[in-house]
Structure formats: C-alpha cells, structure tokens
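Residues per chain, in single letters:
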Amino acid sequence: MSSTNGGASATDVDVLIVGAGITGIYQLHRAREEGFSALLLEAGDGVGGCWFWNRYPGCRFDSESYTYGYLFSEELFDEWEWSEHFAGQPETERYLNHVVDKFDLRRDMHFGVRVTGALYDEANGTWVVTTDDDNETRCRFLIAATGVLSVPYTPDIEGRESFRGVQHHTGLWPEEPVDFRGKRVAIVGTSSSGVQVLPTILPDVASVTVYQRTANWCTPLNNRPITDEEQAELRAGFEQLRETLNTSRSGFAHPVNAKNAFDDSPEARQAFYTELWNSPGFMKLTYNYQDLLFNEQANREWCDFIAGKIRELVHDPATAEKLIPTDHGFGGKRPPFVIGYFEAFNDPKVSLVDLRETPMVRVTETGIETQGESGEELREFDIIVWATGFDFGTGALNRMGIIGRDGRALTEHWADGPTTFLGLQTRGFPNLFFPGGPHAAAGNNPRYNGDLVDIVTDTLVYATEHGFDVIEVSADSEERWTRMVDKGAAATTFGTIGQYVGSNIPGKPRRYLLNTGGRLKLFEIRADVVANDYKAYEMSKGPDRRSL
Ligand SMILES: Cc1cc2nc3c(=O)[nH]c(=O)nc-3n(C[C@H](O)[C@H](O)[C@H](O)COP(=O)(O)OP(=O)(O)OC[C@H]3O[C@@H](n4cnc5c(N)ncnc54)[C@H](O)[C@@H]3O)c2cc1C
C-alpha cells in the first residue's frame, strides 16, 4: 500500500519515523507490514532508544522483562529468554537489536542523524524533514517516536563546564565503561536512575556523596533470575499473558485489587503491606488498595509503613529521616524500585547531602560547593554522575523544529503545554503523529505505546484505502481529549510533582503530561472513532489526487 505518487509533490517515502526505541521499531515493522514505504531516522548510533542511551551502572527494567518485550510474534517470544525478571540495560539493548535483525528492519534505518527541522508543505500535504547531515526527506506521514524520556536535563549550575574530572548524565552515558575504582564520586539526583547507580558502583569507589533534592518513596524491586520452570510456564502461557497485557489498565500482568484500604482490619493491612513490600516492582502501585491514590489516609498509612522500613534499614537515624519523603505521598512522584539502595547508606564510604538544607552553589574545577550554615563547603570529586532526569513528554518534539500549517511552530502551539487528540496528533500539524509522546499513559510503556502505534497504522491504512492523503484531527476532538486530560489532572494525586507536570525544568509550563484517563479511556475513545467512521479527523485528498 503506497501513498507515494508522482508529480511535483512526489515523496521519498510514505512514512518517515523518527526514533529507534521500542516504539519506533514497532512502528517501522507495522508500516512495512501494511505495505507503506518507510524510513526510520535515529540520532543515536544504534538501536534501543532509552536502552541505547542509558548505559549507566545499574540501569535496568522495573517492568517485568517478558511483559516489556514485544508480543506481536509468538516465535520471537519463544526464542528470546530473559535472564532475570527485571533485566539490565545490556540485555534489553541486545533484545531490541535481535528484533531489528529478525524482522530485517535495519535496512530502513539510518543512525547518527538528528532531525532538526520538519516543515509541513501545505500545498502538497507532505512533510519536508531536514537532518543535521544537511539531508532532506519528503514524506507523506511523519511519525515522531521520539520518546518521553529522551532529552536529558542537567541543571544549569554555575561552573559545571569547569570541572576537570569526569562527568556524565545517566541518560547520555558513554559506551566505554567508566572506571569507578578508587574514585571519589558524586551522584546528583535520587530518582529512578540515581538510586540504581549508588549500590552498583559502591563496591568499587573510594567514596560516594549523594546529593538529594527530593527524597523518593523507594521500595524493593525484588528481582531474581527466571528459572527454567518459569521460562517453560511463560511459553506455555503466552496467549493468556498476551491477552492480559493487551487489555490490562496498567499494561502489567499484575493482579488487580478490588479492596479499599479500610475494608481490611489494621492487622490485615500491615500483613498486606509486608506482602507488597516483598512483591515485584510496580505491584506496590498496581496491586495496592484501589483507593491508594484517592484516599489520603490510605496513602499515608502505606507511606508510614515504608518509612518504618527505611528506619529499620538505615542505621543512622538522621540519615534515615532525610531519606523519608515529606512533601508527597506514594505515587505523587514516579516511585523508584531499588536493589540495596537504603542499605548502601550504612557503608562508611557513603554520605548524603540534603540540597534543601544545603543548596548547591557551584561546580568548581575539583568538586561541588554547597551553602552550609557556616558558609560555602567544597567536596572534591573525580567523577560527577548527573542523575537529574529528563525534559519529559514534550522535550524531544519541541526540539525537532516542527512547523505546521501557516508557518506555526509546534513550540508556539504548545507554549502553554501540549494539546492533543489521543496523545497522538495536534491540530494544525496534519499527517504528524507522535506515539509515546505527551498525553500517553503511565504504566508498562511498550504496551500503551504499542496500542498507539496500532492506532496510527490503522488510521493511515484507513485514510489510504479511502483515497485520503491528509489526516488532521478536528478541533472538537482535540479539545475534548485535552479537556479530559486536564480535568483528570485536577483530580489525581499521581505524578503531581516532578517530571509529569514539568516542574523539574525551570520555565516549563506546568501542565499534566500524561493521559489521566489511562489506557481504558484510550480504548474507549478509539472504539468511538472507528464506530463513527473516523469523523474525529478531517481527511482530505492531496493536491495530486484532487485533479484525478
Ligand atoms: C533509565 C530508564 C528506564 C526505564 N525503564 C522503564 C521500564 O522498566 N518500564 C517502562 O515501561 N518504561 C521504562 N522507561 C520509560 C522508557 O522511556 C520507555 O519504556 C521506552 O523507552 C519508550 O520508548 P520510545 O521508543 O517511545 O522512546 P525512546 O526509547 O526514548 O526512544 C526515542 C528515540 O528517539 C530518538 N530521537 C529523539 N529526537 C530525535 C531527533 N530529533 N532526531 C533523531 N532521533 C531522535 C532518541 O535518540 C531515542 O533513541 C525507562 C526510561 C528510562 C530513561
């Protein structure tokens, strides 16, 4: 199925995909499967997206490995054996390379090219995409699978460039391993990445200082190897697992809890919290009492339980208190899952600096200066690890130089934060799709982003089969979806501080960046779109076909 046609508006490809992460790879596969000519451009030198860039020590899943991998091919599921329930970064990168080779996708991928401009050619209904190697590609449909966590953020601290030691952001970690042996190390940031780095490098370093701005509700990942019996069970249960993952609210295969916290007695609740503490990864959120995020008292009790655990695990009471969050409940920020994080603070090599008590002043040639009660204090380091997060949701799209109808820039259109339909399209930018961008859902990412890729692909097929070349979301559809997201944002307690609302980036508009309706709302509205014969979109014929 090719929409590429001759004449002045001839395109180089039907579909141009940006990003070779788990979303873009699947998008390329689906586009090719449907007979579109397709090309994928990726800024990195290899496959993997976040699993290509985040090579920092300790980087691993907190989705169960076999629920994160693709489900579109049973053969692929059968032949790939994950070693652990929560695999490390190298394994995931290998997996994604395996997928690309197995489905012969590499021949349509170009690496080491960054898209720097995308101009909508209104007369022809096509996109002209420019890259940093001065090439230009004309496509009918532009699909930005550019990721929500693909633009690392490092705070603009005075003197950062003057540091003479080694410094890296976790999200831009070099391929060549960093040698931590005998080094004095600073880790700045204690969200999901920083908490993975600390225990991993601890055996090697001379000392490590952790700079914490916000304490997080960390709970154990509870990782372990996948046994042969489990592997066999996974294979035998593939159809059931696929069904569960393709329909569950969270995209995880965890059981659902229909109880409210105070349905249980105090003793039963404590026993349940212990069960949760010992459960794998995100089950502490997905299998928790169903009113966890709506009932402040329920949330507080679970937090008190975790705080008790922190006090047990961390021997120094003052350090333990600093590691207990005081400004948000569980789920208020994305909760990290850890292996030996709290225990690491019992090692005399580890110290904790609370940046709320002693703010960072500057980076010097030799270390980091903070403002203490009795003046500025310098700690010297050989290595600084910036685990300071990402410009979530809109970061990559806003840096792609996207210009839509009437010369309007996406950055201008989204000056107050994103407006979308299904988290996939925005009005004024026809034929542009962004699966896995803003207004996508929290949860097991590949499942939700896979839904989005399927929706995009089915929409392209529908349009092409009906002779339409231009797909634009109607003003009403966009308005209704965005209103649903914003309304949900006012009611939720999930992710209300930090990256999901943009508050980690100075100057970024404070706007909720996830689909607050979740996956089930996506299914509902999508079904409505199909039932109403795609009236949510304004579809039209391109100029070449208008005269046919
Ligand atoms: C350390 C870490 C751990 C994570 N763990 C989990 C987990 O366990 N479970 C989970 O569900 N989610 C996890 N996530 C979230 C993660 O973002 C998604 O799981 C997944 O990577 C999203 O895939 P993606 O393909 O949409 O985006 P990405 O993997 O981010 O890929 C986007 C790609 O687009 C490329 N790109 C962006 N802009 C341009 C441009 N202008 N030109 C060319 N290329 C461009 C980037 O280089 C990147 O390679 C994690 C994220 C991080 C950072």
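Here, the structure is the one placed above.
Here we summarise the structure given alongside this text. (Residues numbered from 1 in each chain as written. Predicted model: local features only at pLDDT ≥ 70, side-chain atom pairs only at ≥ 80, totals over all residues. Heavy atoms only, no water.)

Here's the deal with the nonpolar core
For soluble globular proteins, nonpolar side chains are generally found buried alongside one another.
Okay, so step 1: Core analysis: the largest hydrophobic core is formed by 128 residues, its most contacted members being Tyr341 and Tyr537.
Okay, so step 2: In terms of residues, this core owes the most to one element, helix H16 (residues 445–465), which gives 9 residues.
Okay, so step 3: If you look at the next biggest cluster of nonpolar residues, it comprises 23 residues, including Val13, Val129, Leu142 and Phe434. (Core = buried A, V, L, I, M, F, W, Y, C linked by side-chain atoms within 4.5 Å. Buried < 20%, exposed > 50% of the residue type's maximum accessible area, 1.4 Å probe, protein only. Helix = DSSP H or I, 4+ residues; strand = E, 2+ residues; numbered from the N terminus.)

Re the site of the ligand
Okay, so step 1: Near the ligand you find 33 residues, and of these Thr23, Glu42, Ser63, Tyr68 and Asn445 are the closest.
Okay, so step 2: Between the ligand and Cys50 there is a distance of 2.7 Å, counted from an oxygen atom to a backbone nitrogen or oxygen.
Okay, so step 3: A distance of 2.5 Å separates an oxygen atom of the ligand from a polar side-chain atom of Tyr68.
Okay, so step 4: Burial of the ligand by the surrounding chains reaches 95%, relative to a free accessible area of 980 Å².
Okay, so step 5: Elements represented by at least two residues in the shell around the ligand include exactly helix H1 (22–33), helix H2 (50–53) and H16.
Okay, so step 6: Of the residues belonging to the shell around the ligand, the class tally is 17 nonpolar, 13 polar and 3 charged. (Near = heavy atom within 4 Å. Polar contact = N/O pair within 3.5 Å; in protein donor to acceptor, adjacent residues only side chain to side chain. Areas by Shrake-Rupley, 256 points an atom, 1.4 Å probe, with all protein chains shown as cover. Nonpolar A, V, L, I, M, F, W, Y, C, P; charged D, E, K, R; others polar.)

Description of the pattern of salt bridges
Okay, so step 1: For the structure shown, the criterion picks out 42 salt bridges.
Okay, so step 2: Of the charged contacts in the structure, one is a salt bridge between Glu81 and Arg235, with a shortest N-O distance of 2.7 Å. Of this pair, Glu81 sits in the loop between helix H4 (74–79) and helix H5 (89–102) while Arg235 sits in helix H7 (residues 228–236), and the two are 154 residues apart along the sequence.
Okay, so step 3: In this structure Glu81 comes out as partly exposed when scored by relative accessible area, which is 46%. (Salt bridge = Lys/Arg side-chain N within 4 Å of Asp/Glu carboxyl O.)

A word on the packing of H1 against H16
Okay, so step 1: Running from N to C, H1 and H16 point in directions that differ by 30°, and their axes come no closer than 9 Å. Classified by the angle between their axes, H1 and H16 sit roughly parallel to one another. Two packed elements cross with a definite hand, and for H1 against H16 that hand is right-handed. For the pair H1 and H16, contact is made by Ile22, Thr23, Tyr26, Gln27, Arg30 and Ala31 and by Pro446, Asn449, Gly450, Val453, Asp454, Val456, Thr457 and Asp458, respectively.
Okay, so step 2: A per-class count over the contact of H1 with H16 returns 6 nonpolar, 5 polar and 3 charged. (Axes fitted to C-alpha atoms, helices over the stretch in contact; angles between N-to-C directions. Parallel < 35°, antiparallel > 145°, perpendicular 65-115°, else oblique. Left-handed = near helix turned anticlockwise from the far one by under 90°. Contact = heavy atoms within 4.5 Å.)

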